[in-house]
Amino acid sequence: MVKADVMLDAKGLACPMPIVRTKKKMDELKSGQVLEVQATDKGSTADLQAWAKNTGHKYLETRIEGNILHHFLRKDGDYLLEERFAIPTIPLEAFRKKVESNKQPCILDVREIGEYKQAHIPGVIHIPLGEVEKRSNELNKEEEIYVICHSGKRSEIAAQTMRKQGFKKLINVVPGMRDWRGEIEQ
């Protein structure tokens, strides 16, 4: 059974806050220490797994007690284990103009299914963050792909994962669906 050195209370917080707080707390830890993140957001499992993988930390396990998820992560180093490249971003207003133009860009929505069903941009491809690594072969590695989530955090993680798989033209939409004012489908 994993024992944590430090505990972070992220209960009641929705994306992107569990990841934001985890990153901040992880920065305070020494290499090898274990952080327990307590969360109630069901999407936090896939989000934290992907975040850990992309930042060089180790996602150890999740224990569920009632509606509380106990995530355990080990800090494996002060910096990324692999070289990481910044993913270009596009402001939401400039992105909206692209979407409303005559040529629909390729858009990948990486939010959880419940968020996607609530409202999404017409014509997007939906692959939840936790499935991006396995399902990215459904996309063209040479095509320009706009990656969107709720705020821009999960889409950054998804784009980093895809970049490692050879995708060359990825653009992160910031801040994401949280502030989207264009056309939607439900």
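Look up: the structure comes first, before these words.
Residues numbered from 1 in each chain as written. Predicted model: local features only at pLDDT ≥ 70, side-chain atom pairs only at ≥ 80, totals over all residues. Heavy atoms only, no water.

1. Topic: the environment of P175
Next, step 1: Summarising the element assignment, P175 is placed in the segment after β9 (170-174).
Next, step 2: Among the residues examined, P175 registers a relative accessible area of 18% and is labelled buried.
Next, step 3: As for P175 and C149, which are separated by 26 residues in sequence, their C-alpha atoms are 8.2 Å apart.
Next, step 4: Those residues within four positions of P175 in sequence are excluded, and the remaining contacts are L92, H150, S151 and G152. (Helix = DSSP H or I, 4+ residues; strand = E, 2+ residues; numbered from the N terminus. Buried < 20%, exposed > 50% of the residue type's maximum accessible area, 1.4 Å probe, protein only. Contact = heavy atoms within 4.5 Å.)

2. Quick word on the side chain of E36
Next, step 1: With respect to the helices, strands and loops of the structure, E36 is situated in strand β2 (residues 34-39).
Next, step 2: For the buried E36, no salt bridge is present, and the opposite-charge side chain at shortest range is R63, 6.1 Å distant.
Next, step 3: For E36, the side chain forms a polar contact with the side chain of Q38, separated by 3.1 Å.
Next, step 4: Within the structure, E36 has its side chain in polar contact with the side chain of H70 (distance 2.6 Å).
Next, step 5: The contact partners of E36, leaving out residues within four places of it in the chain, are A4, V6, M7, L8, H70, H71 and F72. (Lys, Arg positive; Asp, Glu negative; His and termini not counted. Salt bridge = Lys/Arg side-chain N within 4 Å of Asp/Glu carboxyl O. Polar contact = N/O pair within 3.5 Å; in protein donor to acceptor, adjacent residues only side chain to side chain.)

3. Some words on the sheet that holds strand β7 (residues 125-126)
Next, step 1: What the five strands build is an open sheet, ordered β5-β9-β8-β6-β7; its pairing is parallel. Each having just a single partner strand, β5 (89-91) and β7 make up the two edges of the open sheet.
Next, step 2: Bridge count for β5 against β9 is three bridges, and the pairing is parallel. The residue bridging P91 from the neighbouring strand is V174, located in β9.
Next, step 3: On top of the sheet, helix α3 (residues 92-100) reaches β5, β6 (106-109), β8 (145-148) and β9; it is set at about 85° to β5, its chief contact.
Next, step 4: Against the sheet, helix α6 (residues 153-164) makes contact with β6, β8 and β9, and its axis sits at roughly 175° relative to β9, the strand it touches most. (Pairing = 2+ DSSP bridges. Axes fitted to C-alpha atoms, helices over the stretch in contact; angles between N-to-C directions.)

4. Focus on the side chain of H120
Next, step 1: By secondary structure assignment, the location of H120 is in the loop between α4 (113-118) and β7.
Next, step 2: Assessed through its relative accessible area of 8%, H120 is described here as buried.
Next, step 3: Among the polar contacts made by the side chain of H120, one reaches the main-chain carbonyl oxygen of Y116 at a distance of 2.9 Å.

5. Structural notes on unusual backbone geometry
Next, step 1: Of note, the bond from C15 into P16 is cis; its omega dihedral lies within 30 degrees of zero at 10°.
Next, step 2: Within the secondary structure, P16 sits in the loop between β1 (6-10) and α1 (17-28).
Next, step 3: Note the cis peptide between V174 and P175, where omega equals 10°.

6. Topic: the nonpolar core
Next, step 1: Ranked by size, the top nonpolar core spans 31 residues in total, and within it L108, V110, I145, V147, M162 and L170 carry the most contacts.
Next, step 2: Elements supplying a minimum of two residues to this core: β1, α1, β2, α2 (44-55), β6, β8 and α6.
Next, step 3: With sequence-adjacent residues up to four places away left out, M162 is seen in contact with L108, V132, S136, L139, I145, F167 and L170. (Core = buried A, V, L, I, M, F, W, Y, C linked by side-chain atoms within 4.5 Å.)

7. Notes on α3
Next, step 1: Among the residues of α3, those classed as buried are L92, F95 and V99. Seen from one end, α3 has its buried residues packed into an arc of 60°, which puts them on one side.
Next, step 2: In the core, the buried residues of α3 are packed alongside β5, β6, β8 and β9. (Arc of directions from axis to C-beta.)

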